[in-house]
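# Results of the structural survey
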Amino acid sequence: MSITPVNGHDDHEHGDTAGSDVALREGENSVGKFRNPGFGPHRPRRSDVDPAANKRAERQVVVLFAISILGTIGFVVAYFALPPGETLASMRTSNLALGLGLAFSLLGIGLAAVHWAKSLMNDHEKAEDRHAQRTSDAGRAEALQVLKDGADDSAIGRRGVLKGALVSSLALFPLTLALPLIGEVGEDWNVSKFKRTLWAKNKKLTIDPTGRPIKASDVTVGSVVHVIPEGLDEAEAPLDEKAKAVVLLVRMDPRDIKSEQGEGWSYDGIVAFSKICTHVGCPVALYEQQTHHLLCPCHQSTFDVADGAKVVFGPAKRPLPQLPITVDDEGYLVAQSDFAEPIGPSFWERLR
Ligand code: FES
């Protein structure tokens, strides 16, 4: 433990402070009874005493910097050679390559800096005494005087028009930043595109992400399946469509179903609900089999799947929209139609 004088500013090299008494101002209580233990004995590092070890450490630092350089080159190459493209696979590959490049680039520099500091830089221990944070009264008075002199020099108190012009220009300036921002997000206010998803009559329910169709007989009681519409990959913007159409399929004992959002919307205990939380749109994915509750990990909204996905806890304001489902002639699960109401956050409540 190091106890320090209140107003001191001196740096002490290793060993200078060992055993010294603590100087405290009068009235600054009992810590004064402790003695400053100072530094422990100095132990030289291997690289301080062995020139070969020193050289080896230098080479290691150079290698770490080289890793960083290669990472950066890899990042730049990946940026041009592996554009994200439109498919999930190409996005994954691009993100992976960029992420690895960035990781090596930063990691190399970080590790090199740490290794350099620990093995090659001077190993002098130093103590810097703490000092009072508060500026002295004289310093504060001086600062106030400087501000007052500045205000007097600008004559702003006597020139009302000038003052008004200054305030107006400062108040209006943020518009130069805000307008382009608002203008650019303008298109996103077109929320009508959220009203419809890819689900339609007889569209097969398929497993996310393989796209394999599911038979009702494949879904066991208590299981949860993440589902996307058949043919999602052929859509014009598959990721946008997926973001709207993801569904959670749950099978329970048909006797446990207390209510549905529409008559005949489930099939033999299998119910399907939008996975997009009606609070602010996180994916709801935690299913509690005993209670039939679905939990959103973002703000803990909880929906009762057995009771039409009504909200039983949390900030969400409306149930998860239910997807009406049935089976086709071959026993595959298919949608009866699109969702009857828009998916996602509760903006849509306004339209009711
Ligand atoms: S987004 Fe689900 S609870 Fe907030």
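The following paragraphs examine the structure supplied in this document. None of these values were measured; they are calculated from a predicted model.

### A look at the overall build of the protein
Of the regular secondary structure elements, the protein holds 7 helices and 12 strands. Counting every position in the protein, which comprises 352 residues, the buried fraction comes to 19%.

### Describing the pairing of strand β4 (residues 224-229)
Across 3 bridges, strand β3 (residues 205-207) lies against β4 in antiparallel orientation. Paired with L205 across the two strands is P229, which belongs to β4. As paired strands, β4 and strand β5 (residues 247-251) are joined by 4 bridges and run antiparallel to one another. In the sheet register, V224 faces β5, and the bridge partner there is V250.

### Digging into the nonpolar core
One recurring pattern in soluble globular proteins is that nonpolar side chains are buried together. Ranked by internal contacts, the top residues of the largest apolar core, which has 37 residues, are L205, V247, L249, A272, F273 and I325. For this core, the secondary-structure elements that each account for two or more residues are β4, β5, β6 (270-274) and β12 (333-335). If we ignore the near neighbours within four places in the chain, the residues touching L205 are I214, V227, L249, A272, I325, L333, V334 and A335.

### Section: the sheet that holds strand β7 (residues 286-288)
Pairing within the open sheet is antiparallel, and its 4 strands lie in the order β7-β8-β9-β10. The strands lining the two open edges of the sheet, one partner per strand, are β7 and β10 (310-313). Taken over all neighbouring pairs, the strand axes of this sheet differ in orientation by 35° on average, direction set aside. In terms of strand pairing, strand β8 (residues 293-295) meets strand β9 (residues 302-304) through 3 bridges, oriented antiparallel.

### So, the pairing of β10
Alignment of β9 against β10, held across 3 bridges, turns out to be antiparallel. For D304, the partnering residue across the bridge sits in β10 and is K310. Hairpin connection from β9 to β10: 5 residues lie between these consecutive antiparallel strands, with G308 at a positive phi of about 65°.

### What about unusual backbone geometry?
That bond from D208 to P209 is cis: its omega, 10°, falls within 30 degrees of zero. As for its position among the elements, P209 is in the loop between β3 and β4. With a phi angle near 70°, N202 is a residue other than glycine that sits in the positive phi range. Secondary-structure assignment places N202 in the loop between α6 (175-185) and β3. Phi is positive for A309, close to 60°, though the residue is something other than glycine. Counting through the fold element by element, A309 comes out in the loop between β9 and β10. We classify A309 as buried; it has 28 C-beta atoms within 10 Å.

Scoring rules and cut-offs
Residues numbered from 1 in each chain as written. Predicted model: local features only at pLDDT ≥ 70, side-chain atom pairs only at ≥ 80, totals over all residues. Helix = DSSP H or I, 4+ residues; strand = E, 2+ residues; numbered from the N terminus. Buried ≥ 20, exposed ≤ 12 C-beta atoms within 10 Å, placed from the backbone. Pairing = 2+ DSSP bridges. Core = buried A, V, L, I, M, F, W, Y, C linked by C-beta atoms within 7 Å. Contact = placed C-beta atoms within 7 Å. Axes fitted to C-alpha atoms, helices over the stretch in contact; angles between N-to-C directions.

Treat this as a map of the structure, not an account of what it does.
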